[in-house]
Amino acid sequence: MREFGYGMRPIFRTEAMNRLKGKTALVTGAARGLGARIAERFVGEGADVIINDVSLATASATADRLGGRAVAADVSDPASVATMFDAIAAMTDRVDILVNNAGISGIEGDNDARERIRQRAEAMARGEPGEVTEGIAAVTDAQWRRMQAVHVDGTFHCCRAVMPLLPEGGAIINMGSIMGTFGRGGGVPYCTAKAAILGFTRALAHELAPRNIRVNAIAPGWIHTDMTDPLAPLHPFLEMQTPMGRMGEPDDIAWCAVYLASDEAGFVTGQTLSPNGGWYMSQ
Ligand SMILES: NC(=O)c1ccc[n+]([C@@H]2O[C@H](COP(=O)([O-])OP(=O)(O)OC[C@H]3O[C@@H](n4cnc5c(N)ncnc54)[C@H](O)[C@@H]3O)[C@@H](O)[C@H]2O)c1
């Protein structure tokens, strides 16, 4: 990897500025990946962070490492979210920042999908288009519902439940994706869910603006996490498609979240910020 130019190494600020001092933040799906890094940067900026994930054990492990508190809930389940917010209300009288980050790719643990990805990458390496072999005709009702339930319902459940705890000046950040603006064959359920989150974000931003509560979305490009690990055979192609010549790192997203959560973004609401190395240039 060259030091400058195509594929250059990302450079991240490491010094914290206490930009979130005195604020309490809840980050969903934060046991690992983007959520964990967002939580880590929030802690570094002085926030009191509450880590959610499906399993209390994994959420607690990350909370212990970062110096935060842990709660468990499956965000797709309204009863589970209500119970989690009862627990949060017993811990604190305010949640200044909510990050709806929990998400799934839909191919977790799916070895057939991994094999299809490998074959697709091989075809692309031979100069063939690498067409999607399994599309919408193969999507089951359960897969479709789960995808919408975790992303769209989960974002709704947590936004609704946080309202009594969210003070004026609060901020909500919803995790979208470049897939929510740029469609991708083979990913119709995921793209649909992420597009819904971007629409949800704009409507809620409008609704809460008079209370000085800001609602924004982050639409990450291709970022190295466990979620994109099954795509490893395709990573070289994704890097080639990205004008900056690399996939993103969790800090590319975490610093964006710090900005949107901070008072420095005080006039920013209803927006989608998309750190993606130039893979998709719009909004
Ligand atoms: N990695 C990327 O390239 C990328 C790109 C665009 C958007 N995103 C989005 O960013 C978010 C985080 O992705 P990641 O790459 O860190 O994924 P990840 O798989 O590494 O982490 C996701 C976390 O969410 C948790 N989670 C899943 N379902 C949950 C539920 N129902 N309730 C509570 N927690 C749940 C998981 O247990 C896991 O800890 C997701 O919304 C994802 O769709 C990721």
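Reading the values: the criteria
- Residues numbered from 1 in each chain as written.
- Predicted model: local features only at pLDDT ≥ 70, side-chain atom pairs only at ≥ 80, totals over all residues.
- Heavy atoms only, no water.
- Axes fitted to C-alpha atoms, helices over the stretch in contact; angles between N-to-C directions.
- Helix = DSSP H or I, 4+ residues; strand = E, 2+ residues; numbered from the N terminus.
- Parallel < 35°, antiparallel > 145°, perpendicular 65-115°, else oblique.
- Left-handed = near helix turned anticlockwise from the far one by under 90°.
- Contact = heavy atoms within 4.5 Å.
- Nonpolar A, V, L, I, M, F, W, Y, C, P; charged D, E, K, R; others polar.
- Core = buried A, V, L, I, M, F, W, Y, C linked by side-chain atoms within 4.5 Å.
- Buried < 20%, exposed > 50% of the residue type's maximum accessible area, 1.4 Å probe, protein only.
- Patch = residues over 30% accessible without salt bridge, like charges linked within 9 Å, V, L, I, M, F, W, Y side chains within 5 Å.
- Areas by Shrake-Rupley, 256 points an atom, 1.4 Å probe, with all protein chains shown as cover.
- Salt bridge = Lys/Arg side-chain N within 4 Å of Asp/Glu carboxyl O.
- Pairing = 2+ DSSP bridges.
- Expected span 1.5 Å × (residues − 1).
- Arc of directions from axis to C-beta.
- Near = heavy atom within 4 Å.
- Polar contact = N/O pair within 3.5 Å; in protein donor to acceptor, adjacent residues only side chain to side chain.
- 1 Å grid on protein atoms, 1.4 Å probe; cavity = no way out; pocket = protein on both sides within 12 Å on 5 of 7 lines; lining within 4 Å.
- Points joined across faces, edges and corners; volume = space filled by probe spheres on them.

**As for the packing of helix α1 (residues 33-44) against helix α8 (residues 250-261)**
Their axes nearest at 8 Å, the elements α1 and α8 cross at an angle of 50°. Classed by the angle they form, the pair α1 and α8 counts as oblique. Seen along the crossing, α1 lies across α8 with a hand that is right-handed. For the pair formed by α1 and α8, the contact residues are Leu34, Arg37, Ile38, Arg41 and Phe42 on the first element and Pro250, Asp251, Ile253, Ala254, Trp255, Ala257, Val258 and Ala261 on the second. Partitioning the contact of α1 with α8 into residue classes produces ten nonpolar, no polar and three charged.

**Concerning the nonpolar core**
In terms of nonpolar packing, the biggest core is built from 30 residues, with Val27, Ile38, Phe42, Val49, Ile51 and Ile218 touching the most fellow members. Going through the elements one at a time, β1 (24-27), α1, β2 (48-53), α2 (56-66), β4 (97-100), β5 (171-175) and α8 are the ones with two or more residues in this core. In terms of residue count, α8 provides more of this core than any other element does, eight residues in total. Not counting residues within four places of it along the chain, the set of residues in contact with isoleucine 38 comprises Val27, Val99, Met175, Ile253, Ala254 and Ala257.

**Focus on a nonpolar patch on the surface**
Where nonpolar side chains cluster on the molecular surface, the patch consists of Ile136, Trp144 and Val188 and spans about 270 Å² of accessible area. Relative to the assigned elements, tryptophan 144 resides in helix α5 (residues 141-162). The class of tryptophan 144 is partly exposed, set by a relative accessible area of 34%.

**Some words on the pattern of salt bridges**
Considering all chains together, one arrives at 18 salt bridges under this definition. Close ionic contact of arginine 19 with glutamate 45 constitutes a salt bridge, the shortest N to O distance being 3.6 Å. Remark: glutamate 45 occurs in the loop between α1 and β2 and arginine 19 occurs in the segment before β1; sequence separation between them is 26 residues. The buried category is assigned to arginine 19, whose relative accessible area is 18%. When the shortest N-O distance is used, the salt bridge between aspartate 251 and arginine 41 registers 2.7 Å.

**Overview of the sheet that holds strand β3 (residues 69-72)**
Reading across the sheet, the seven strands line up as β3-β2-β1-β4-β5-β6-β7 and stay open at both edges, with parallel pairing between neighbours. Strand pairing shows two members of the sheet lacking a second neighbour, β3 and β7 (272-273), which therefore form its edges. Bridge count for β5 against strand β6 (residues 214-218) is five bridges, and the pairing is parallel. Bridge pairing links isoleucine 173 to asparagine 216 in β6. Packed onto the sheet, α1 meets β1, β2, β4 and β5 and runs at close to 170° relative to β1.

**Description of helix α3 (residues 78-91)**
Here α3 spans 20 Å end to end across 14 residues, near enough to the 20 Å set by a 1.5 Å rise per residue. Three or more residues of α3 are buried, namely Ser80, Val81, Met84, Phe85 and Ile88. End-on view of α3: buried residues confined to an arc of 135°, all on one side of the axis. The exposed residues of α3 that point more than 90 degrees off its buried face are Thr83, Asp86 and Ala90. Contacts from the buried residues of α3 go to β1, β2, β3 and α5.

**Quick look at the site of the ligand**
Surrounding the ligand, one finds 30 residues, the nearest of these being Arg32, Leu34, Asp53, Tyr190 and Thr225. With respect to the ligand, the side chain of tyrosine 190 contributes an N or O atom lying 2.6 Å from an oxygen atom. With respect to the ligand, the backbone of isoleucine 223 contributes an N or O atom lying 2.8 Å from an oxygen atom. Across the complex, the protein chains shield 94% of the 830 Å² of accessible surface that the ligand would expose by itself. Where the shell around the ligand is concerned, the elements lending two or more residues are α1, β2, α5 and α6 (188-208). At three residues, α5 tops the list of elements feeding residues into the shell around the ligand.

**Focus: empty space enclosed by the protein**
According to the stated counting rule, one finds one cavity of 30 Å³ or more in the structure shown. The computed volume of the largest cavity comes to approximately 40 Å³. No other element matches the five residues that α5 contributes to the lining of the largest cavity. Residues that form the lining of the largest cavity fall into these classes: four nonpolar, six polar and no charged.

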